[in-house]
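Commentary on secondary and tertiary structure
Residue-level listing of the chains:
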Amino acid sequence: MKMNASEWVWLNNHDVCSARNLIEVSGLSSEEFDELVDVGVIEPVDETAQVKSFHLRYVVTVNTARRLRDDFDLDLNGVALAMTLVRRIDELHEELAATQARLGLEM
Amino acid sequence: MKYKDYYQTLGIEQTATIDDVKKAYRKLAHKYHPDVSKDPKGEEKFKEIAEAYATLKNAEKRQEYDDLGKRTAGESFTPPPEWQQHYGASGSSFEDVDISDLLNAFRSSGFANGSTRRYANRPLPGVDYSVKVSVSLEIIFSGGETDVTVELPKYDKNGLPHRTPHTFRITIPKGATEGQRLRLAGKGGPGTDGGKPGDLYVILNIAPHRLFRVTGRDLFFDLVLAPWEAALGAKVEIPTLGGTLELDIKPGTSSGQRLRLPKRGLPAQQGDHGNLYAVTQIVVPKVTSVRERELYEQLAAASDFKARAQ
């Protein structure tokens, strides 16, 4: 069964959405979302803008945060800490993949 | 319908208390959760663990599950008569029904326990589904289309959820990146009690390439040179995703040098292309002819070069 895929949205680093969109999509509370912004896990496109917008790739981040919150019964601080560590792990994975590509090592 | 042994999945006895269930779930979740586990099969294992936990942590769902009786995992079985009656035994086949979809459908229909809705009426969102799709580097370079197939529950006229393969054709934009996701809102599992349906996510993986290694938008490949090409310099043909190019190798090129070809890497959806890096590798023939050996010996005698003195 083939389906019309016109509603597909790529979660990329140039299209943007509002904080409300991210909260609705993820099921996080406003408080949890604000905490993730405060600790720098989620960064607005323009920090100085009155109404802040966020890149669509953060849909993945907020969904991960909600999943970790639900799957491990995390509180506000726990979610923020877990997401900070997840971001750090992602950065290290990228560095590792880059090094392996440069040196021609198998993953 | 295939039986799933949720107790076996969590490694607990059927007599386990709710605390035992939670403890077993947490232990396994720490090990296999896709956001924290390095196990390549972690995601699949965690899905099974989460499905078992979702049923066993809820006393009423657990009772419904227990009422099915104890069986062997993977064993085909026919649901109890009252379940069949609810879905119209003659009109529906349970063959391709997933037990977790059925337990969820029971909950949303309010059929459980004599048609009284025992669960809280709070709207619950449907489950998000995700599927990985492997795409060639050539498609990432030029953009293109690919099909992705995922099994989603589809409800028959009696409300029985059947797992049915759905194929979606998706457009891969030029310059898509490893791990990038595509979201199709509302195509996940159905919500309950008025909750919105879940979403479907497609996760893009770049398939390993026979020549190129990818990091971000940059591409690396090994450029193999003969000793005389490296020493004397040469013009060599090199592959790029856009076709072959001629590259000047400077005299005195060593192994492991990175030669950068600007903007010959992967395109960006916005901004500059990545770069292509040729990583030099000097190889020598495994077998040398008499003449080659003589020439090497002459070179060794004439040269002041000391490789290990540098």
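Please refer to the structure placed before this passage.
In short, a report on the structure. (Residues numbered from 1 in each chain as written. Chains lettered and ligands numbered in written order. Predicted model: local features only at pLDDT ≥ 70, side-chain atom pairs only at ≥ 80, totals over all residues. Heavy atoms only, no water.)

1. Digging into the nonpolar core
Residues B:Leu10, B:Tyr65 and B:Ile99 are the most contacted members of the largest nonpolar core, which totals 50 residues. Elements that contribute at least two residues to this core include exactly helix 1 (19-26), helix 2 (30-38), helix 3 (58-72) and helix 4 (76-103) of chain A together with helix 1 (6-10), helix 2 (18-32), helix 3 (42-56) and helix 6 (99-109) of chain B. If near-sequence neighbours (up to four positions away) are discounted, B:Tyr65 is found in contact with B:Tyr3, B:Lys4, B:Asp5, B:Tyr6, B:Tyr7, B:Thr55, B:Leu56, B:Ile99 and B:Leu103. Within the second largest apolar cluster, 39 residues are counted, among which are B:Val131, B:Ile170, B:Leu182 and B:Leu219. (Core = buried A, V, L, I, M, F, W, Y, C linked by side-chain atoms within 4.5 Å. Buried < 20%, exposed > 50% of the residue type's maximum accessible area, 1.4 Å probe, protein only. Helix = DSSP H or I, 4+ residues; strand = E, 2+ residues; numbered from the N terminus. Contact = heavy atoms within 4.5 Å.)

2. Considering the sheet that holds strand 4 (residues 181-184) of chain B
Strand order in the open sheet formed by 4 strands is 2(A)-4(B)-5(B)-1(B), and the pairing between neighbours is mixed. The strands lining the two open edges of the sheet, one partner per strand, are strand 2 (8-11) of chain A together with strand 1 (129-135) of chain B. The sheet shows a mean angle of 25 degrees between the axes of neighbouring strands, taken without regard to direction. Where strand 1 of chain B and strand 5 (residues 200-206) of chain B come together, 7 bridges link them in parallel fashion. When the bridges of strand 5 of chain B are listed, B:Val133 appears paired with B:Leu204. (Pairing = 2+ DSSP bridges. Axes fitted to C-alpha atoms, helices over the stretch in contact; angles between N-to-C directions.)

3. Details of the sheet that holds strand 11 (residues 276-282) of chain B
Here 4 strands make up an open sheet; going across it, the order is 6-7-11-10 (chain B) and the pairing mixed. Edge strands, defined here as strands with exactly one partner in the open sheet, are strand 6 (213-215) and strand 10 (258-261) of chain B. Averaged over all adjacent pairs, the angle separating strand axes in this sheet is 30 degrees, with direction ignored. As defined by bridge partners, strand 6 of chain B adjoins strand 7 (residues 218-225) of chain B across 3 bridges and the pair is classed as antiparallel. Note on strand 7 of chain B: the bridge partner recorded for B:Val214 is B:Leu219. Across the face of the sheet, helix 4 of chain A comes into contact with strand 6, strand 7, strand 10 and strand 11 of chain B while running at roughly 145 degrees to strand 6 of chain B.

4. Focus on the packing of helix 3 of chain B against helix 4 (residues 59-67) of chain B
Residue and element names in this part refer to chain B. In the contact formed by helix 3 and helix 4, the axes pass within 6 Å of each other and the chain directions differ by 105 degrees. By the angle between their directions, the pair helix 3 and helix 4 is classed as roughly perpendicular. Residue-level inspection shows Ala-54, Thr-55 and Leu-56 of helix 3 in contact with helix 4, the latter providing Lys-61, Arg-62 and Tyr-65. (Parallel < 35°, antiparallel > 145°, perpendicular 65-115°, else oblique.)

It is worth stressing that arrangement in space is one thing and function is another; only the former is reported here.
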